Amino acid sequence: MKKITSLMALSFLAASVMAQSSNFNGLEMNLGNLSRLSNAKTRSICAENPTGEPGKGGAATLEQGSARNAARDLGQGWKVNPFVVIEPGQTYTMAEITGSGAVQHIWITPTGNWRYSILRFYWDDEKEPSIEVPVGDFFGMGWGEYAHLNSMAVTVNPGSAFNCYWSMPFRKKCKITMENIAAEKMTLYYQVDYTLTDVPADAAYLHAQFRRSNPTKGSLFTLIDGVKGKGQYVGTYLAWGVNNNGWWGEGEIKFFMDGDTKFPTIAGTGTEDYFCGSYNFENRKTHQYQEFSTAYTGLHQVIRPDGVYTSQQRFGLYRWHIMDPIRFEKDLKVTIQDLGWRSEGRYLPQQSDISAVVYWYQTEPHAPFPKLPAKNDLEVN
């Protein structure tokens, strides 16, 4: 009887484990659910396995390989094709995935001018991208110079390792491309880690859009406008170049949503306040800007004048709304004022060079994006 009871208990336990694993779709990962089993299928696409198919990694022959010369003594299976070369004017399809699932991590280390490498994501069967950004700006490196960034959503590690952890669900298809608009060829190492699984009905699609004003007009910069649909705003990256002396970040950020006209629903109190700092980001002992990079926000890059050709102050800032997403029902517009200080305690309307990438989730279809700035208007100078 005891043996029968034990077998029944084991059978019940096995059935319970199977039921739990079939219910957990392998998304929304954290330390609390890392032990849970799932029927989700882990896949990865890179130059060594461009389709992500099972059992197809590292199969390139010497004739096919980008590193054929380095691998000539070892042959197939020995890092024969670890990167791709994208010629000027060429668009390379980094990943094309069919089925239902989510991208969970991306690693990229591109060469060349990061403003001239355009990253695009297409969800399901859409013809226009939901993400269209220069690759440097998408990973918080809008000035084309390395700076360590350590956050929940994006990390940038030595020497130019761009990592993204934004959850990117799709239901039918995912396509990721990289266009090289530079005059020189670029070398791209990359890896797209994803899972094939069921996606919840209420999961929206990630969007990201780039804009630049150089200089700003009317001392006002529009980060995003014309968003139509239901969703939530989840992130801001700004590359801010200052063209005057003194403190530059008095401007308020404003979120106009769901029919707001003259006045927004959400209004900030200052640029450094929105990025969760205070009093000019100043280290009161050194009297210098204090870089910082945390899970949700940071002033991770300060480019200081060097007295010769680097003559202007430039900054990189990010703010991820992971714990406090800004939810909208039908429309969204976001602006920030470009304000400093002038004599007699008065605000100075500035003319800064500001670029932005904003990140949001929404239902499809999305409103058309404005045309990406021309190559000369993307250039950092």
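Okay, so let's go over this structure. (Residues numbered from 1 in each chain as written. Predicted model: local features only at pLDDT ≥ 70, side-chain atom pairs only at ≥ 80, totals over all residues. Heavy atoms only, no water.)

With that out of the way, let us pick up the overall build of the protein chain. Of the regular secondary structure elements, the protein chain holds 4 helices and 27 strands. Its C-alpha atoms give the protein chain principal-axis dimensions of about 90 × 60 × 45 Å. Partitioning the intrachain contacts of the protein chain with sequence separation of at least 6 by distance along the chain shows that 72% fall at a separation of at least 24. For the protein chain, the accessible area works out to roughly 19,100 Å², and carbon and sulfur atoms hold 53% of it. Positive and negative side-chain charges of the protein chain, numbering 36 and 38 respectively, have mean locations separated by a distance of 4 Å. (Helix = DSSP H or I, 4+ residues; strand = E, 2+ residues; numbered from the N terminus. Contact = heavy atoms within 4.5 Å. Areas by Shrake-Rupley, 256 points an atom, 1.4 Å probe, with all protein chains shown as cover. Lys, Arg positive; Asp, Glu negative; His and termini not counted. Charge placed at Lys NZ, Arg CZ, Asp CG, Glu CD.)

Here 4 strands make up an open sheet; going across it, the order is β14-β24-β16-β17 and the pairing antiparallel. With one partner strand each, in any of the chains shown, β14 (220-228) and β17 (266-267) form the two edges of the open sheet. Both β14 and strand β24 (residues 331-337) contribute to a ladder of 6 bridges, which runs antiparallel. Of the residues in β24, the one forming a bridge with L220 is Q337. (Pairing = 2+ DSSP bridges.)

This brings us to the side chain of T271. Take T271: it is sitting in helix α3 (residues 271-274). On the basis of relative accessibility, which here comes to 0%, the residue T271 falls in the buried class. Sequence-distant contacts of T271, defined by excluding residues within four places in its chain, comprise W240, W248, G249, E250, G251, I336 and Q337. (Buried < 20%, exposed > 50% of the residue type's maximum accessible area, 1.4 Å probe, protein only.)

The next point concerns the packing of aromatic side chains. Scanning the model with the defined rule gives 24 aromatic pairs in all. A ring pair is formed by W247 and Y289, whose centres lie 6.4 Å apart and whose planes are at 35°; its orientation type is tilted. Of this pair, W247 sits in the loop between β15 (231-242) and β16 (253-257) while Y289 sits in strand β19 (residues 288-289); the two residues are 42 residues apart in sequence, bridging distant segments of the chain. This pair shows no difference in class: W247 is buried, exactly as Y289 is. Ring-pair connections join several aromatic residues into one group, and the members of that group are W114, F121, W123, F138, F139, F162, W166, Y318, W320 and Y359. Sitting over the face of the ring of Y274, R319 holds its NZ or CZ atom 5.5 Å from the ring centroid. Across the ring face of Y116, the terminal group of K375 is positioned such that the distance to the ring centre comes to 5.1 Å. (Phe/Tyr/Trp six-rings, centres within 6.5 Å; stacked < 30°, edge-to-face > 60°. Lys NZ or Arg CZ within 6 Å of the ring centre and 35° of its normal.)

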